[in-house]
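The chain contents come next:
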Amino acid sequence: MSKPILELRHVVTKVNRNTPEELTLLKDLNLTINEGDFITVLGSNGAGKSTLFNSIAGNLPIDSGDILLRGESIAHESEERRTRFLSRVFQDPKLGTAPRMTVAENLLLATKRGERRRLTPRHLNAHMAEFKKLTSGMGNGLDERLTTPTGNLSGGQRQALSFLMATLRKPDILLLDEHTAALDPKTSQQLMTTTNERITAENLTCLMITHHLDDALKYGNRLIVIGNGQITFDVSGAEKQALTQETLYSFFSDLQD
Ligand SMILES: Nc1ncnc2c1ncn2[C@@H]1O[C@H](COP(=O)(O)OP(=O)(O)OP(=O)(O)O)[C@@H](O)[C@H]1O
């Protein structure tokens, strides 16, 4: 039986507080994530999926409720402090990497996340064989471009690099925010396959937002749906495996009625 790693208890998140434009985006949201959960996250546009990630990552402060990591509240920790245990990959390939630094330099930076250490050529050389092996696993030629500035990579290679950087120092929580959405269908599927392999091999705890019902069904051990700032559906294990696209479609149309 796996243990809870992250708990959201009665979380309320608002924007434009105390103004006429005040909006409550998360409405008494409760979610317990267990160690090793790979959760696919679905929901209509504007349902609150990114707000959930922003609240977990500390980009948006919560108004009430609590967020606990292994039983300790992190609700008041800064976004920067939360990067010690949390990594996030965004939809935009430009967001995860430093464009003028090479692939290898970016990876070296990711190995030092949270530490104050200078990056020297000696450090870089010591890691080259490891980086070659790591990138060759992505199956998209990234291993041939270790000395290329990331600004010159294809979107797919850059996104694969962002994913590797996010998982290099095993995070307690990995947030994938539609990380394959900007890629062409073939590249997107390739990154999804390698994403799944790495999450499974490293037993990472992951939440992945997607609009692809087939990916949401195929990957992960658990599926949640966010609707109007709350969790409206939560299935795991055999119940998730038995789900079909038709069931999910009908669920979405019921929500929109
Ligand atoms: N800082 C903000 N100020 C005002 N409104 C916001 C803010 N952030 C989000 N919203 C609104 O809150 C709602 C939820 O947004 P959120 O980005 O969480 O939705 P989402 O489920 O991720 O949607 P999508 O699938 O379109 O990415 C939307 O209506 C959005 O416009």
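Owing to the predicted nature of the structure, the values given are computational and were not obtained by experimental measurement. (Residues numbered from 1 in each chain as written. Predicted model: local features only at pLDDT ≥ 70, side-chain atom pairs only at ≥ 80, totals over all residues. Heavy atoms only, no water.)

## Observations regarding unusual backbone geometry
One non-glycine residue, His10, lies in positive phi territory at about 50 degrees. Position of His10 among the secondary structure elements: in strand β1 (residues 4-15). Judged by its relative accessible area of 46%, His10 is partly exposed. (Helix = DSSP H or I, 4+ residues; strand = E, 2+ residues; numbered from the N terminus. Buried < 20%, exposed > 50% of the residue type's maximum accessible area, 1.4 Å probe, protein only.)

## A look at the pattern of salt bridges
Across all of its chains, the model carries eleven salt bridges by this definition. The salt bridge involving Glu7 is made with Arg9; its shortest N-O contact spans 3.1 Å. A single network of salt bridges, built from pairs that share partners, joins Glu35, Arg70 and Asp172. (Salt bridge = Lys/Arg side-chain N within 4 Å of Asp/Glu carboxyl O.)

## Topic: the domain arrangement of the protein
How big an interface is tends to be reported as the loss of accessible area on association of its parts. Looking at the assigned domains, one finds that the protein contains domain 1 (4-85 + 171-256) and domain 2 (98-168). With centres defined by C-alpha atoms, the gap from domain 1 to domain 2 works out at 27 Å. On the domain 2 side, the residues contacting the 15 residues of domain 1 number 15 residues. Summed over both sides, the interface of domain 1 with domain 2 buries roughly 1,100 Å², with 63% coming from carbon and sulfur. Linking domain 1 with domain 2 are zero salt bridges. At the boundary of domain 1 and domain 2, one finds three residue pairs in polar contact (both at pLDDT 80 or more). Elements with a contribution of two residues or more to the side of domain 1 that touches domain 2: β7 (173-177) and α6 (185-202). (Domains from an automatic or database assignment. Contact = heavy atoms within 4.5 Å. Buried area = accessible area lost by both parts, 1.4 Å probe. Polar contact = N/O pair within 3.5 Å; in protein donor to acceptor, adjacent residues only side chain to side chain.)

## Focus: the nonpolar core
Counting residues in hydrophobic clusters, the biggest one holds 31 residues, and the most contacted among them are Leu107, Leu174, Leu176 and Ile199. Those elements that provide at least two residues to this core are α3 (103-111), α4 (121-136), α5 (155-168), β7, α6 and β8 (206-209). The element contributing the most residues to this core is α5, with seven residues. Three or more residues apiece are contributed to this core by two domains, here domain 1 (4-85 + 171-256) and domain 2 (98-168). Ignoring anything within four residues of it in the chain, the contact list for Leu107 reads Phe131, Leu134, Thr135, Leu146, Leu161, Leu164, Met165 and Leu168. (Core = buried A, V, L, I, M, F, W, Y, C linked by side-chain atoms within 4.5 Å.)

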